[in-house]
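The primary structure of each chain is shown beneath.
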Amino acid sequence: MGQVTLRGVSKHYGTVEAVRDFDLKVMDREFLVLLGPSGCGKSTVLRIIAGLEDPDEGTVEIGDRVVNDVEPKDRNIAMVFQNYALYPHMTVHRNIDFPLKCRGMPKPERDGLVAEAAESLGLTPLLDRRPAQLSGGQRQRVALARAIVRRPEVFLMDEPLSNLDAKLRVQTRTELIELQRRLATTVVYVTHDQIEGMTMANRLAVMNEGALEQVAPPSEVYAHPASLFVAQFIGNPPMNTVIGKPARVDGELGIETSGGQIPLTPGQCQAVEASSAESVAVGMRPERITIASSGPLPATVAVVESLGSEHHVICRLADDQEVVVRLGTDVPVPKEGARVHLGFEAGHLHLFDAATGDRIGL
Amino acid sequence: MLIFAVFVFYPFARNIYLSMYSTPPFPNLPSQFVGLSQYGQVLVSHNFLNSLWVTALFVVYTVPAGLVLGLLLALLAHQKLRGIRAFRTVFASPVATSVAVASVIFFTLLNPQVGLFTYWLGQQDQLSVLDNPTWALVAVSVVTIWQNVGLAFILMSAGLQAVPDELLEACEIDGAKRWARLRHVILPLLSPTIFFAVVVGTILSLQSFGQIDLLTQGGPLQRTNLLVYNIYDQVFNQNNAGRAAVMAIALFWITLVLALIQIRLLERRVTYAN
């Protein structure tokens, strides 16, 4: 069974804490994406699973055995590297064959498997070429072929699409998902690109500064970010956050900002009171905000960006905080410099403790 | 360009000129134009053929051994170990040692009375190996290998560092054992470096002079009379610039032809990444 379990894993480089007290369970046949900004430790986690790095503490399990002391080659994993790591002096055929050859498999059997892997990735006509004679996308497929030829339990992929151009990346994304479904294996995929994360993952594991922020399906991460970091990291344009203090106006609890009072639902009021947060970050997705002539937050339209399919209206509140509003093309777009009011449903707001970044309420 | 003219082109032309004149037995007599006939005489002379043979042996003794040792040390020094930098410096240090210093060190080590090597070999108070017709060339070769290891080490280390870590990690995951990794991945990727080291090493060996001059002066029985030393000997001890000029031209052609053959032969088998 191809599940991967990390328990209490940590890793230091000198004084730098790359991974802290990390617990993660990747299910069998799951496509799990480790997502985070560069330097957050996601590659280190992947390399610890691969066995290229030893954790300082904690255990790594693949299937149902602890593999801390197992060599990378015996972990039944395959890895696709960012720069593909193809052997430049070998033909495509020998590149794909190499892991089988290292395991001492007899040649006729190897040839069959290589042909099969090459066929499934459309590499058959390229078998006699060398990596230098291939395009980026073709090299990427050779790297995949070398990984699948061994039928590993778990695939580890370290930003495999980052060296491809934008168009090829979208295409390869789809191919990767199809490949994973067809092979029915577990994939742990590292990326800093939230679109890759959102589109490919069964579950997203969002990391920041060596620790897990949230592990959940992409839609859940988007709809209910567990922390301020996740809220601001996922989504494009990113979620707007306005900082304010809980305050009562006419007996109603709301968040008072210098730009205006933001009303809350009864549930949110309870949560804010229970959290005893002194300062609250209110998160608003750009597509959940409306522009009207009246509403709780007065603002001035600074810039309107047209993307064809949508408009991004960048507004300034009275205290100069910026709020981006996403409007469809079917809605009238305000002029730059216009004075408007921003409206939203309280139920669509996300509340975070501004000091700790923790989510307040559901 | 001027520097080239003064130090390369002029001596080259002058050398060709000299090679066509027989040098008179006494300094004040005029030299005589003999044309190419001097070549015929010199190139079949026992003295020249012996030099040629000794030089060939010397190249065969020194180049492969220096290379293999340099590669082994470079592989050792490439490990991620504490204090490895100190070893790197030590391994590379022969490069910074002049031929003269190296020769003196080995001369002392091989001294029949006080030499450490002689003591280890149990050869005290016997004839020094440097005076032994059978072993003198080997002894000189050992000094040269020791000197060349530094350069080979530096070249190989640079080559190893150019092998991407990702490739070695891929090897680890693909399950290549130490030897397979060396043979199938590291050596092919190092081949351009090895190729370069072979060509440079051969040329350096062909031009060895200092260690001969200091250790054996071409003896015993001319067994270490390498071409360059022979040329020097002809000019400064035998006062025969004409013969020396012919040998110099012969050495030039030998070096050129060898280098070309190596480039032809090896280039076909060398992998250039990307």
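No experiment lies behind these values; they were computed from the predicted model shown. Each residue is numbered by its place in its chain's sequence as written, counting from 1. Chain A is the first chain written and ligand 1 is the first ligand written, with later ones labelled in order. The predicted origin of the model limits local features to residues at a pLDDT of at least 70 and limits the giving and counting of side-chain atom pairs to 80 or more, whereas totals for whole chains, interfaces and linings rest on all residues. Excluded from the side-chain calculation are hydrogens and water; included are all heavy atoms of the structure.

On a plain count of helices and strands, chain A comes out with nine helices and 21 strands. With the C-alpha coordinates of chain A rotated into their principal frame, the extents come out at 80 × 45 × 35 Å. Only protein chains enter the accessibility calculation, which uses a 1.4 Å probe. A residue is then buried if its area is under 20% of the maximum for its type, exposed if over 50%, and partly exposed in between. Each of the 362 residues in chain A was classed as buried or not, and the buried ones make up 53%. Every residue pair with non-hydrogen atoms within 4.5 Å of one another is taken to be in contact. Considering only intrachain contacts with a sequence separation of at least 6, the fraction spanning at least 24 residues in chain A is 65%. Summed over all atoms, the accessible surface of chain A reaches about 16,000 Å², with 49% contributed by carbon and sulfur. Helix and strand labels come from DSSP, where a helix needs a run of H or I of at least four residues and a strand needs a run of E of at least two; each type is numbered from the N terminus. To measure how exposed things are, a 1.4 Å probe is used in the Shrake-Rupley method; for residues, cover is taken only from the protein chains shown.

Let us now look at the environment of B:V44. By the secondary structure assignment, B:V44 is in the loop between α2 (37–43) and α3 (46–77). What makes B:V44 exposed here is its relative accessible area of 61%.

Looking now at the domain arrangement of chain A. Residue and element names in this part refer to chain A. Assigned domains of chain A: these are domain 1 (4–232) and domain 2 (238–360). For domain 1, the biggest contributors to the area lost against domain 2 are Y222, L228 and Q232; these three give 55% of the whole. Should a side-chain nitrogen of Lys or Arg be within 4 Å of a carboxyl oxygen of Asp or Glu, the pair is scored as a salt bridge. At the boundary of domain 1 with domain 2, the tally comes to zero salt bridges. Identification of polar contacts relies on pairs of N or O atoms within 3.5 Å, with a donor-acceptor requirement for protein atoms, meaning one able to donate a hydrogen and the other able to accept it, and with residues adjacent in sequence counted only if both atoms are side-chain atoms. Scanning the region where domain 1 abuts domain 2 turns up six residue pairs in polar contact (both at pLDDT 80 or more). Of all elements in the fold, only α7 (218–223) and α8 (228–233) reach the threshold of two or more residues within the side of domain 1 that touches domain 2. Just so you know the grouping, Ala, Val, Leu, Ile, Met, Phe, Trp, Tyr, Cys and Pro go in nonpolar, Asp, Glu, Lys and Arg go in charged, and all remaining residues, Gly too, go in polar. When its residues are assigned to classes, the side of domain 1 that touches domain 2 shows seven nonpolar, three polar and no charged. Domain start and stop positions are those given by an automatic or database domain assignment. Summed over both partners, the accessible surface that disappears when two parts come together, traced with a 1.4 Å probe, is what is meant by buried area.

Frequently, the measure chosen for interface size is the accessible area that the parts lose on association. Listed by partner, the interface residues are 18 residues for chain B and 28 residues for chain A. Interface area, chain B with chain A, both sides summed: about 1,900 Å², of which 62% is carbon and sulfur. Of all residues in chain B, B:E166, B:I173 and B:D174 give up the largest surface area on contact with chain A, accounting jointly for 36% of the area buried on that side. Viewed at the interface, chain A and chain B are joined by three salt bridges. The salt bridge partner of B:D174 is A:R146, with a shortest N-O separation of 3.8 Å. For the pair chain B and chain A, the number of links is eight residue pairs in polar contact (both at pLDDT 80 or more). Contributions of two or more residues to the side of chain B that touches chain A are made by α8 (165–174) and α9 (178–206) of chain B. A per-element tally of the side of chain B that touches chain A places α8(B) first, with eight residues. The residue inventory of the side of chain B that touches chain A, partitioned by class, reads nine nonpolar, four polar and five charged.

To continue, consider the nonpolar core. Working definition of a nonpolar core: buried Ala, Val, Leu, Ile, Met, Phe, Trp, Tyr and Cys residues. They are joined through side-chain atoms within 4.5 Å. Residues A:F22, A:L34, A:L156 and A:V188 are the most contacted members of the largest nonpolar core, which totals 63 residues. With eight residues, α9(B) is the largest single contributor of residues to this core. Residues in contact with A:V188, not counting those within four places in the same chain, are A:V26, A:L32, A:L34, A:L46, A:I49, A:V154, A:F155, A:L156 and A:M157.

Turning to the pattern of salt bridges, a few remarks are in order. All names here are of chain A. Counted by the stated rule, this structure contains 16 salt bridges over all chains. In this structure, D97 and R110 form a salt bridge, with 3.0 Å as the shortest nitrogen-oxygen distance. With D97 in helix α2 (residues 92–102) and R110 in helix α3 (residues 107–120), this residue pair connects regions lying 13 residues apart in the sequence. For D97, a relative accessible area of 6% corresponds to the buried category. Given the relative accessible area of 10%, R110 is considered buried.

Let us look at α3(A). All names here are of chain A. One less than the number of residues in a helix, times 1.5 Å, gives the span that helix is expected to have. For α3, spanning 14 residues, the distance from its first C-alpha to its last is 20 Å, which sits close to the expected 20 Å at 1.5 Å a residue. What α3 keeps buried is the set R110, L113, V114, A117 and A118. Angular distribution of buried residues about the axis of α3 spans 130°; they occupy a single face of the element. The outward face of α3, more than 90 degrees from its buried face, is lined by the exposed residues P108 and E119. Looking at the buried residues of α3, the elements they touch are α2 and α4 (136–148). By arc we mean the arc of the directions from the helix axis to the C-beta atoms, nothing more.

Here we come to the sheet that holds strand β2 (residues 16–26) of chain A. Residues and elements named next belong to chain A. By this definition, two strands are paired if DSSP reports at least two bridges between them. Across the sheet, which stays open at both edges, the four strands sit in the order β2-β1-β4-β5 with antiparallel pairing between neighbours. Sheet topology places β2 and β5 (65–66) at the edges, where each strand pairs with a single neighbour. Note: strand β1 (residues 4–13) against strand β4 (residues 57–62), five bridges, orientation antiparallel. Paired with V4 across the strands is I62, a residue of β4. Convention adopted: a line fitted to C-alpha atoms gives each axis, helices being fitted over their contacting stretch, and angles between N-to-C directions are expressed from 0 to 180 degrees. Contacts from helix α1 (residues 42–50) reach β1, β2 and β4 within the one sheet, and its direction differs from that of β1 by about 115°.

A few words on the pairing of strand β17 (residues 310–317) of chain A. All names here are of chain A. Within β17, seven of the eight residues are buried, which leaves it mostly tucked inside the rest of the structure. One ladder, built from seven bridges, connects strand β16 (residues 297–306) with β17; its direction is antiparallel. Residue pairing in the sheet places V301 in a bridge with C315 of β17. Hairpin connection between β16 and β17: a loop of three residues separates the two successive antiparallel strands, and G308 in this loop has a positive phi of roughly 90°. Hairpin connection of β17 to strand β18 (residues 322–328): four residues between the antiparallel strands, including D320 at a positive phi of 75°.

What follows concerns the sheet that holds strand β13 (residues 260–263) of chain A. Residue and element names in this part refer to chain A. An order of β13-β12-β11-β14-β20-β21 is seen for the six strands of this open sheet, with the pairing classed as antiparallel. Every interior strand has two partners, whereas the edge strands, β13 and β21 (359–360), have only one. As paired elements, strand β14 (residues 280–284) and strand β20 (residues 350–353) share four bridges and run antiparallel to each other. What sits directly across from V282, in β20, is L351.

Now for a nonpolar patch on the surface. Residue and element names in this part refer to chain B. Each patch is built from residues lacking any salt bridge and having more than 30% relative accessible area; the joining distance is 9 Å for like charges and 5 Å for nonpolar side chains (Val, Leu, Ile, Met, Phe, Trp, Tyr). A cluster of nonpolar side chains, contributed by F12, I16, F252, W253, L256, V257, L260, I261 and L265, occupies part of the molecular surface with about 820 Å² of accessible area. For the nonpolar patch, the secondary structure elements donating two or more residues are α1 (2–19) and α12 (241–269). The element best represented in the nonpolar patch is α12, accounting for seven residues. With respect to the helices and strands, the residue F12 is situated in helix α1. Exposure remark for F12: the relative accessible area of 42% places this residue in the partly exposed category.

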